[in-house]
Amino acid sequence: MTTPAQERFQSLMEDHKKILYKVCRSYCRNPGDRDDLAQEIIVQLWRSFAAFDERVRFSTWMYRIALNVAISFYRRESVRTRHVVPGSEHLLEAIDETENRSEEVQLLYQWIEELDPFNKALVILYLDGNNYQETAAILGISETNVATKISRLKETLRKKQEVQQYGTR
Amino acid sequence: MELDELKEKWVEHDRKLDQSIRLNLQLLRETYTRRAKFALWRLAAMLAAGSIFMLVVIVSLGRFIALNWSTPRFTLPAIVLDLAAIAALAALTAQIGLALTIDYNQPVALIQKRLETLRKFRIRYTQAIILTMTLTWAPIFIVVMKGSLGLDVYRLFGIPWIVINVAFGLAVLAVGIWAFQKYGGRVNQRFLRDIAGYNLNAASRFLTTLAEFEKDYSPQERSSIREYSPEE
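Given the structure is predicted, the values throughout are model-derived calculations rather than measurements. (Residues numbered from 1 in each chain as written. Chains lettered and ligands numbered in written order. Predicted model: local features only at pLDDT ≥ 70, side-chain atom pairs only at ≥ 80, totals over all residues.)

## What about the overall build of chain A?
Scanning chain A from N- to C-terminus turns up eight helices and one strand. Listed N to C, the secondary structure of chain A is α-α-α-α-β-α-α-α-α in terms of helices and strands. In chain A, which comprises 169 residues, the proportion classed as buried is 37%. Relative to all contacts within chain A whose residues are 6 or more apart in sequence, the contacts with residues 24 or more apart total 69%. (Helix = DSSP H or I, 4+ residues; strand = E, 2+ residues; numbered from the N terminus. Buried ≥ 20, exposed ≤ 12 C-beta atoms within 10 Å, placed from the backbone. Contact = placed C-beta atoms within 7 Å.)

Okay, structure coming up:
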């Protein structure tokens, strides 16, 4: 039997499943790990759901928790115990995942993979259209710091592309 | 291609995701009901098992001290062990208390700093336990033999034997640290990497990365960065 809180949680998860997908995709290369991370994020979201303050945007709240769990997951130094049996059902199922992704987006994901866990979070928030104020509130750094870092990341990407172009000439 | 141009591609990708990803609702329900409960149970079980074990050790040692109060050669090693057990219980309780109070709905930099500090605390705790066990195995042997079998190790083996064992314990510790530092990097087991100090170094590096990320740039630094990106 589903309680009203569970129904609301499920509906919010359905509406924001893309955040879950993008965070998991950016922090885990391996699809098995991705599903495991998605489940850990869901567990933490549900555990914190009772304390969710309606005055805050759900996406802001979800980003904070999802990114915190993802960075901790990424940091775990031990060999992980898989909760997902290969071939079993997955929490997030992407249909024609690669076909639906352009070459540029593939490259973007590759570049994100190379970043440290904090800059990964920053880039995801930037690409998802969060403004500096929201990004600063999620990450816990100042707005000017967000602006400076984004500027620096743009420059890093530009240089990387220059190197790639020069290398292929 | 500029990051802003890629952002447009990302928005397109985001739109496509609406159609291409599906959330398995049944698995979602199972995850947040069953696994959330399991995670809490696991933490509670760890707290209970660790604390009960330490409490049993502390109480048993207290009883041993009371029974052998008139013979300092037995009470002194027991007092040393009891103090170590009390310190271990306090550290264990502090770790679990910290872990339980971490609220993931806090800014990323704040939570990651707390989590990494907790990780460093846990690694130091593991190292301290191993060090204490190695250095105090002679007192443990004296107390266990007397407490469980009523045997006096001092009389059975003599003081030189105890001194040799303490020296042997120190030698094992030194060789162990050397071996862990030389070969520990090749192993994946968290416990071994904790003892060897690899995970402690990794935690320190992570905190340095975080500090760098949190660092507010000076106006000069900011302007030099902006020179590269005139559209900012």
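## A look at the overall build of chain B
When helices and strands are counted, chain B shows 10 helices and one strand. When the elements of chain B are put in sequence order from the N terminus, they spell out α-β-α-α-α-α-α-α-α-α-α. A burial count over chain B gives 19% of its 232 residues as buried.

## Topic: helix 2 (residues 17-27) of chain A
The periodicity of an α-helix, 3.6 residues per turn, causes residues three or four positions apart to be oriented the same way. With respect to burial, helix 2 of chain A is a largely interior element, nine of its 11 residues being buried. Residues of helix 2 of chain A that are buried: Lys18(A), Leu20(A), Tyr21(A), Lys22(A), Val23(A), Cys24(A), Arg25(A), Ser26(A) and Tyr27(A).

## Some points on the domain arrangement of chain A
All names here are of chain A. Domain annotation of chain A identifies domain 1 (1-94) and domain 2 (98-169). Taken together, the contact pairs 12 residues of domain 1 with 11 residues of domain 2. Residue assignment for the side of domain 1 that touches domain 2 shows that the elements contributing at least two residues are helix 2 and helix 4 (58-75). Ranked by the residues each element gives to the side of domain 1 that touches domain 2, the list is headed by helix 4, at six residues. Split by residue class, the side of domain 1 that touches domain 2 holds six nonpolar, two polar and four charged. (Domains from an automatic or database assignment. Nonpolar A, V, L, I, M, F, W, Y, C, P; charged D, E, K, R; others polar.)

## Topic: the interface of chain B and chain A
Contact residues are listed per partner, giving 51 residues for chain B and 62 residues for chain A. At the level of elements, helix 1 (3-20), strand 1 (21-23), helix 2 (25-67), helix 4 (108-135), helix 8 (190-196), helix 9 (198-214) and helix 10 (219-228) of chain B are the ones that each hand at least two residues to the side of chain B that touches chain A. For the side of chain B that touches chain A, the element with the most residues is helix 1 of chain B, which contributes 10 residues. Its residues assigned to classes, the side of chain B that touches chain A comprises 27 nonpolar, 10 polar and 14 charged. Looking at chain direction, strand 1 (residues 92-94) of chain A and strand 1 of chain B are connected through three bridges and run antiparallel. Residue Ala94(A) lies in a different strand from strand 1 of chain B, and its bridge partner there is Ile21(B). (Pairing = 2+ DSSP bridges.)

## A word on the nonpolar core
Judged by nonpolar contacts, the single largest core of 56 residues is most densely connected at Ile41(A), Ala66(A) and Leu67(A). A per-element tally of this core places helix 4 of chain A first, with nine residues. Here this core spans two domains, since at least three of its residues come from each of domain 1 (1-94) and domain 2 (98-169) of chain A. With residues up to four places along the chain from it excluded, the contact list for Ala66(A) reads Ile19(A), Leu20(A), Val23(A) and Ile41(A). With 10 residues, the next largest nonpolar core counts Phe64(B), Phe74(B), Ala84(B) and Ala85(B) among its residues. (Core = buried A, V, L, I, M, F, W, Y, C linked by C-beta atoms within 7 Å.)

## A short note on the confidence of the model for chain B
All names here are of chain B. Per-residue confidence for chain B averages 81 on the pLDDT scale, and 84% of its residues sit at or above 70. Within chain B, helix 5 (residues 137-149) carries the highest mean pLDDT (91), whereas helix 10 carries the lowest (56). Segment residues 227-232 is flagged for pLDDT under 50; beyond a separation of four residues in sequence, or across chains, it makes six contacts in the model. If you check the scores for this complex, the pTM reads 0.78 and the ipTM reads 0.79. (pLDDT = per-residue confidence, 0-100.)

## Thoughts on the environment of Ala78(B)
Residues and elements named next belong to chain B. Looking at where Ala78 falls in the secondary structure, it is placed in helix 3 (residues 72-101). With 51 residues separating them along the chain, Ala78 and Leu27 place their C-alpha atoms 53 Å apart. In contact with Ala78, not counting residues within four places along its chain, are Leu61, Phe64, Ile65 and Val143.

## Some words on the confidence of the model for chain A
Counting all residues, the mean pLDDT for chain A is 84, and 86% of those residues have values of 70 or more. With pLDDT under 50 throughout, residues 77-85 of chain A is counted as low confidence; its partners more than four residues away or in other chains account for 15 contacts.

## Re the packing of helix 6 (residues 117-127) of chain A against helix 7 (residues 132-139) of chain A
Residue and element names in this part refer to chain A. Look at helix 6 against helix 7: their axes get within 10 Å of each other, and the N-to-C directions meet at 145°. Crossing of helix 6 against helix 7: the hand is right-handed. Contact residues: Ala121, Leu122, Leu125 and Tyr126 in helix 6; Thr135, Ile138 and Leu139 in helix 7. A breakdown of the residues in the contact of helix 6 with helix 7 according to their chemical character gives six nonpolar, one polar and no charged. (Axes fitted to C-alpha atoms, helices over the stretch in contact; angles between N-to-C directions. Left-handed = near helix turned anticlockwise from the far one by under 90°.)

## Observations concerning the packing of helix 3 (residues 31-49) of chain A against helix 4 of chain A
Residue and element names in this part refer to chain A. Across the interface, helix 3 lies against helix 4 with an axial gap of 9 Å and an inter-helix angle of 135°. Here helix 4 runs oblique to helix 3, going by the angle between their axes. Judged by the twist between their axes, the crossing of helix 3 over helix 4 is right-handed. Two secondary-structure elements touch here, helix 3 through Leu37, Glu40, Ile41, Gln44, Leu45 and Ser48 and helix 4 through Met62, Ile65, Ala66, Val69, Ala70 and Phe73. Across the contact of helix 3 with helix 4, the residue classes tally to nine nonpolar, two polar and one charged. (Parallel < 35°, antiparallel > 145°, perpendicular 65-115°, else oblique.)

## Quick look at helix 3 of chain B
Over its 30 residues, helix 3 of chain B extends 43 Å from the first C-alpha to the last, a length consistent with the 44 Å expected when each residue adds 1.5 Å. The complete set of buried residues in helix 3 of chain B reads Phe74(B), Pro77(B), Ala78(B), Leu81(B), Asp82(B), Ala84(B) and Ala85(B). (Expected span 1.5 Å × (residues − 1).)

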